[in-house]
Amino acid sequence: MIVVAAVVCLAGSVATMLLLERARRSAGSQRHLWIAVCAFACGVGVWSTHFIAMLAYDGGIPIAYGVGGTSFSIAVAIAASWVAFSVGLAGTSRHAPAVGGLLLGLGIAAMHVSGMRAIEVQGRVAFDPETSFAAVLLGTLIAGLALHSFQVLRGVRGLAASILLLVAAICVLHFTSMSGVVLIPDLSVAATHVFDPFWLAGGVIAASTTLILMAFGALFVDRHLTDLKGLANASLEGMVILRRGEVIEVNERFATLSGRKPAELVGRQRRELFAEAPERRSSNDLGAGEGASEGELLHADGGYVPVERLCRTIEYKGRPCDVIFVRDLTARKDAERTIEHLAHHDALTDLSNRSSFDRRLRQALAAAVHHDDALAVLCLDLDRFKAVNDIFGHGEGDRILRKVADILRAGAGEADTIARLGGDEFAIVQTGAAQPEAARLLADRILKLFSEEMDTRRDPMAVGVSIGVAICPGDGTTAERLYGNADTALYRAKQTGKGIACFFDAEMDAAVRTRRQIENDLRHAVVRRQLFLEYQPLVDVRDDRIVGYEALLRWRHPDRGLVGPNLFMQIRDDVLATLVRLRLLGVRIVMDDFGTGHSSLSNLQTFPFDKLKIDCSFTASLDKDPAAHAIIRAIIALGHSLNLPVVTEGVETERQRQIIVDEGCRQIQGFLTGRPGLAPSVDAASSSSTMPHRVGA
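Attention in this report is confined to the structure presented alongside it. (Residues numbered from 1 in each chain as written. Predicted model: local features only at pLDDT ≥ 70, side-chain atom pairs only at ≥ 80, totals over all residues. Heavy atoms only, no water.)

**Section: the overall build of the chain**
Piece 1. In terms of regular secondary structure, the chain is built from 22 helices and 24 strands.
Piece 2. A buried classification covers 42% of the 697 residues belonging to the chain.
Piece 3. Of the roughly 35,900 Å² that the chain leaves accessible, carbon and sulfur atoms contribute 59%. (Helix = DSSP H or I, 4+ residues; strand = E, 2+ residues; numbered from the N terminus. Buried < 20%, exposed > 50% of the residue type's maximum accessible area, 1.4 Å probe, protein only. Areas by Shrake-Rupley, 256 points an atom, 1.4 Å probe, with all protein chains shown as cover.)

Take a look at the structure:
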């Protein structure tokens, strides 16, 4: 029986510690439940060990056990174990497990004493105080050490140490205490209401074995269910199980998506979980085998979570149930919205892009034509942006573009569509306002904001803006026509002086279309071999020697014939910028037709030309108009004062040549000395020694 008692003690200790480990991994009400199961297993194990060991005790006289005392002792063992484990696991102090262990040792001692009081013999039971005290002290300390080891040591090593220490605590307390027990016969004492030792032994062994096996079985089933639940909780998809439309189980992912705790979801109806379309709003569940569909999950805060759902029918806990799997689509929907936004907006400024602008313009035009309303299209182009971008870098250029976008947002109305068409080109569609007054006010606001936010006098990175405006229906009723006319007006604004707003008109349209057609034809002139050179000799009047040739670029247009250069000396800033780049390449620049048109004194001051050419109109009147003679004299004197060579062109008579020579001009050009030809004279060219060929400008 001693061996049986030891085996029961070991089995009970193993079950106790395994259950205690399960309780430690639980929380809330589950922890309290497992503590109660653990206390029950420990109490039964300790009680069974005590009574099996007592059945093996031979005190010289027959013994039996009272019903009341035996029942009370097992109750003491279970209650003491529950108190000890509750303190050991629920306490916040790091000494709580040790204190719980001490309470467990005292509980075992209390069970032992109450169990000994349940002995019924014809005699008296005497205890050796010193032995009993030593047994209680050692058992209590070892039990305290067992729970302390359980807390400090983790894994298999911690479980093994705590099990062995608990077995030692029970055995030391029982067997040490029993060594101090003496049965004194007394025939005057009669035993009543007792258990027969034989039946008690069988019952104790059967009960303890059954209870311990049940404890192990509970652990096994719990572990199996825990693994299944853990597997469900580990899923990235939410899962809810319903029976007849009522929730009976959810995993943690579903609870997280709904913003509730799992316990709050159990018992709810399906219609309380999902936002159904009107045609689906019924008490019926989703059909089994239904394909994946998108819907919305009702969140605890009143919002909606976009999800993808899939329903299947399964057998759960012996009954048919519907399981719905849900996948969170929030990230995908956000990505779709972002992609949709980027497809219609400029990534840098977050304004509408060209495709969005075209679509909005067509919609607005259709509505305006249908309702006989007016709308305006404004084309905007930044002044000096290319220079700022080249000098300060693309990063600073991007910052400027974002600032421009903010300025346009501040100036435009809420109903206006603002777009960045690319580079430094912007456009605005203005609807719902009286035109052209509203467009004029909008352009004025934008120009005013630019003058305030972009002060080019103080900020080297500031840019200006030019605006072209076209009004529907007067300037066009199609998107292409209206936008093209607004762009034409913008072209005029930049030609006129930049930093202004121009409205489209028919005269402007004809002039700009002609100029743009010429520009387009000129781009193809080289490929189509429409350009050719003519050479006109340049003569030094001191010895009538040809000192060089002026190469004249001619353009023979298939429809316009020979195109004169007066169509091109008209956007002054662009011309000067081109001349600067040519001069850096080593090309010498001559100011042609000085005194007329764009050959003004201001240009002479702005750009350091290499030579002046007196316009032929003055030469033609030289011998009969004193004013022309005076002008030529002044120009020659100006050239000498600036240390610039002067050429008089258009010399056709000997009289004109003589006057030019008398005034101090050294070089002449005209029909008198030679007409332009397709090639210079080889002999004349070889005799030139003082001046290389030049390109006339």
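**A few points about the packing of helix α12 (residues 385-392) against helix α13 (residues 394-411)**
Piece 1. Between α12 and α13, the least distance of the axes is 6 Å, while the angle of their chain directions is 140 degrees. Here α13 runs oblique to α12, going by the angle between their axes. Contact residues: α12 offers Phe-385, Val-388, Asn-389 and Phe-392, while α13 offers His-394, Glu-396, Gly-397, Ile-400 and Leu-401.
Piece 2. For the contact of α12 with α13, the residue count by class is five nonpolar, three polar and one charged. (Axes fitted to C-alpha atoms, helices over the stretch in contact; angles between N-to-C directions. Parallel < 35°, antiparallel > 145°, perpendicular 65-115°, else oblique. Contact = heavy atoms within 4.5 Å. Nonpolar A, V, L, I, M, F, W, Y, C, P; charged D, E, K, R; others polar.)

**A short note on the environment of Leu-441**
Piece 1. Here Leu-441 is to be found in helix α14 (residues 437-453).
Piece 2. Counting along the chain gives 30 residues from Leu-441 to Gly-411, while the straight-line C-alpha distance between them is 9.7 Å.

**As for the sheet that holds strand β6 (residues 238-243)**
Piece 1. Read from one edge of the open sheet, six strands run β7-β6-β11-β10-β9-β8, paired in antiparallel fashion. Of all the strands in the sheet, the pair left with one neighbour each is β7 (246-250) and β8 (274-275).
Piece 2. Direction of pairing for β6 relative to β7: antiparallel, over a ladder of four bridges. Each residue of the ladder has a partner; that of Ile-241, found in β7, is Glu-249.
Piece 3. Of the strands in this sheet, β9 (293-298), β10 (304-316) and β11 (319-328) are in contact with helix α10 (residues 330-344), which crosses β10 at around 145 degrees. (Pairing = 2+ DSSP bridges.)

**Here's the deal with helix α21 (residues 654-662)**
Piece 1. Turning to α21, its buried residues are Gln-656, Arg-657, Ile-659 and Ile-660. Looking down the long axis of α21, one finds its buried residues gathered within 165 degrees of arc, a one-sided arrangement. Opposite its buried face, α21 presents the exposed residues Arg-655 and Asp-662, each directed more than 90 degrees away.
Piece 2. Looking at the buried side of α21, the elements it contacts are α19 (616-620), α20 (626-641), β22 (646-649) and β23 (667-669).
Piece 3. Backbone geometry just after α21 places Gly-664 at a positive phi near 100 degrees. (Arc of directions from axis to C-beta.)

**Examining the environment of Val-539**
Piece 1. With respect to the secondary-structure elements, Val-539 resides in strand β17 (residues 531-540).
Piece 2. Apart from the residues lying within four places of it in its own chain, the contact partners of Val-539 are Asp-544, Arg-545, Ile-546, Arg-666, Gln-667, Ile-668 and Thr-673.

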